[in-house]
Amino acid sequence: MIVTIVALACVTFATRYLFLAKNLPFTIGPRFQRLLSFSAPCVLTAIWVPIVFMPNGELVTELNNPYLLGALAAIFLAFKFKNLYLTTFGSLIVFYLFF
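A brief structural summary. What you see is a predicted model, and the numbers here were worked out from it, not measured in a lab. (Residues numbered from 1 in each chain as written. Predicted model: local features only at pLDDT ≥ 70, side-chain atom pairs only at ≥ 80, totals over all residues. Heavy atoms only, no water.)

Further remarks concern the overall build of the chain. From N to C terminus, the chain includes five helices and zero strands. Each helix and strand of the chain, placed in order from N terminus to C terminus, yields the pattern α-α-α-α-α. The C-alpha radius of gyration computed for the chain amounts to 20 Å, which surpasses the reference 13 Å derived for 99 residues by more than 25%, pointing to a less compact arrangement than a globule. Principal axes of the C-alpha set define a box for the chain whose edges measure 55 × 40 × 25 Å. The proportion of buried residues among the 99 residues of the chain is 16%. Long-range pairs, those at least 24 residues apart, make up 22% of the contacts in the chain between residues at least 6 apart in sequence. (Helix = DSSP H or I, 4+ residues; strand = E, 2+ residues; numbered from the N terminus. Rg over C-alpha atoms; globule rule 2.2 N^0.38 Å. Buried < 20%, exposed > 50% of the residue type's maximum accessible area, 1.4 Å probe, protein only. Contact = heavy atoms within 4.5 Å.)

This is the structure we're talking about:
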């Protein structure tokens, strides 16, 4: 088991090092950079969609869902004020009011 952990750590380090080391003659083309720009939104969407729409393991689309109300409040606050703290705490307040 320890060998597997060390091997995975080496693979993770190597993949990060290839992209971050300035002295390696390795560059990423513009098409690949554009492709990589979509990875963060995809990962974040894969995290929040099940939390908001399936909080107990089954699909919930009613408006009394506190997760959905908190997410809608976060979207509104983010677009309106563009303030990370206000968005975070405002959506948490809405979530806890309806939870």
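Taken as a whole, this structure holds six aromatic pairs when the rule is applied. Both rings, one in tryptophan 48 and one in phenylalanine 53, keep their centres 6.5 Å apart while their planes meet at 40 degrees; by these two values the pair is tilted. Overall, the relative accessible area of 39% leaves tryptophan 48 in the partly exposed class. For the pair tyrosine 67 and phenylalanine 99, a centre-to-centre distance of 6.5 Å together with 80 degrees between the ring planes defines the contact as edge-to-face. Taken together, the residues span a long stretch of sequence, with tyrosine 67 in helix H4 (residues 66–81) and phenylalanine 99 in the segment after helix H5 (84–98) at a distance of 32 residues. Its relative accessible area of 64% is what places phenylalanine 99 among the exposed residues. Among the aromatic residues, those joined into a ring-pair cluster are Tyr67, Phe95, Tyr96 and Phe99. (Phe/Tyr/Trp six-rings, centres within 6.5 Å; stacked < 30°, edge-to-face > 60°.)

Don't take any of this as a statement about function, it's just geometry.
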